[in-house]
Amino acid sequence: QVLLVESGGGLVQPGGSLRLSCVASGLTFSTYAMAWFRQGPGKELEFVAGISWNGGRRFYADSVKGRFTISRDNAKKTVYLQVNSLKPEDTAVYYCAASTRLQRWEDQRDYNHWGQGTQVTVSS
């Protein structure tokens, strides 16, 4: 059984930071491209950041470039999202996703497996 378990979300003030983690099990993690998506209140699911199987390529949504950093540790089967300079509009449930058939980072249909999400709330 494949499981992706996110953690690290919480309530943070504008300008603050968090480090989100996603631990994978039940799959050969090092063969998967990984990504983070988010869904804000009343909004559609949107792509945030992606990383290739060996970390050699990283891709970000324009809205988070320069503020968010995706990384991975294949030995720990974990992908991270460092989120800095948070804004109220970053409030969302953040999901990690895994893909062996990636064609477009932003296309949620290209991902085989999804986690349950972790809530990030940015508010003063």
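Please read all numbers here as calculations on a predicted model, not as lab measurements.

(A) View of the overall build of the protein. Regarding its fold elements, the protein presents 0 helices and 11 strands. Starting at the N terminus and walking to the C terminus, you meet the elements of the protein as β-β-β-β-β-β-β-β-β-β-β. A compact globule built from 124 residues should have a C-alpha radius of gyration of about 14 Å, and the protein, at 13 Å, falls within 12% of that. With respect to the principal axes defined by its C-alpha atoms, the protein has extents near 40 × 25 × 25 Å. For the protein, the proportion of contacts with a sequence separation of at least 24, taken over those separated by at least 6, is 56%. Total accessible area on the protein stands at roughly 6400 Å², and carbon and sulfur atoms take up 45% of it. Here the protein contributes 14 positively and 10 negatively charged side chains, and the mean placements of these two sets differ by 6 Å.

(B) Structural view of the state of the cysteines. One pass over the full model with this rule turns up 1 disulfide. The disulfide partner of Cys-22 is Cys-96, and the S-S distance across this bridge is 1.9 Å. Between Cys-22 and Cys-96 the disulfide shows an S-S torsion of about 40°. By sign, it is right-handed. Of this pair, Cys-22 sits in strand S3 (residues 18-25) while Cys-96 sits in strand S9 (residues 92-99); the two residues are 74 residues apart in sequence, bridging distant segments of the chain.

(C) Fine view of the pattern of salt bridges. Summed over the entire model, instances satisfying the criterion amount to 6 salt bridges. The salt bridge partner of Glu-46 is Arg-38, with a shortest N-O separation of 2.6 Å. Through salt bridges with shared partners, one network takes in Arg-38, Glu-46, Arg-67 and Asp-90.

Conventions and cut-offs
- Residues numbered from 1 in each chain as written.
- Predicted model: local features only at pLDDT ≥ 70, side-chain atom pairs only at ≥ 80, totals over all residues.
- Heavy atoms only, no water.
- Helix = DSSP H or I, 4+ residues; strand = E, 2+ residues; numbered from the N terminus.
- Rg over C-alpha atoms; globule rule 2.2 N^0.38 Å.
- Contact = heavy atoms within 4.5 Å.
- Areas by Shrake-Rupley, 256 points an atom, 1.4 Å probe, with all protein chains shown as cover.
- Lys, Arg positive; Asp, Glu negative; His and termini not counted.
- Charge placed at Lys NZ, Arg CZ, Asp CG, Glu CD.
- Disulfide = S-S within 2.5 Å.
- Salt bridge = Lys/Arg side-chain N within 4 Å of Asp/Glu carboxyl O.

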